[in-house]
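Architecture at a glance
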Amino acid sequence: MDLLWALLTLPYAPVRGLTAVVGVVAREAESRQRNPVNVRRELEELDAAVAAGELSAEERDHAEQRVLDRLTGGADRTGERPRPARRPGTRGRSAP
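Presented here is a report on the structure given in the accompanying data block. All figures in this text were calculated on a predicted structure; none of them were measured in a lab.

Residues lying three or four places apart along an α-helix face the same way, a consequence of the helix completing one turn every 3.6 residues. For helix H4 (residues 57-72), which comprises 16 residues, the first-to-last C-alpha distance of 22 Å matches the rise-based estimate of 22 Å (1.5 Å per residue) to within 8%. Ala63, Val67 and Asp69 are the residues of H4 that are buried. Seen from one end, H4 has its buried residues packed into an arc of 160°, which puts them on one side. Seen from the open side of H4, the exposed residues pointing more than 90 degrees away from its buried face are Glu58 and Thr72. Residues of H4 that are buried sit in contact with helix H3 (36-51). Following H4 by one or two positions, glycine 73 has its phi on the positive side, about 75°.

The rules behind these values
The residue numbering used here restarts from 1 in each chain and proceeds along that chain's sequence as written. Only residues with pLDDT of at least 70 get local features here, since the model is predicted, and only at 80 or more are side-chain atom pairs given and counted; chain-wide, interface and lining totals rely on the full set of residues. Values shown for side chains rest on all heavy atoms present in the structure; no hydrogens or waters enter the calculation. Numbered from the N terminus, helices here are DSSP runs of H or I no shorter than four residues, and strands are runs of E no shorter than two. Expected helix span is computed as 1.5 Å times (number of residues minus one). Working definition: with a 1.4 Å probe on protein chains only, accessible area under 20% of the residue-type maximum means buried, over 50% means exposed, and in between means partly exposed. The directions considered for the arc are those from the helix axis to the C-beta atoms. The criterion used for residue contact is that any of the two residues' heavy atoms lie within 4.5 Å.

What follows is the structure, encoded as structure tokens:
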């Protein structure tokens, strides 16, 4: 039975292989993003850019917050937009 299953699913082998490769790449990218050494390097680069006059203090604060949100798993990590508020009286019904 296993041999028959292997033969029937053989055309899907490239998809399974690609899925495995994508999983490995995603795990590696996430580990590099959350690596404290890389985060510290990015923060030091931001400070150097401010010292060189390439960034304002406000721009540095925004960039620093993005780096820290990425490290701590902040709201920007999911990429989801906030959902609009429901109108009063709709009780879960979709608005026309």
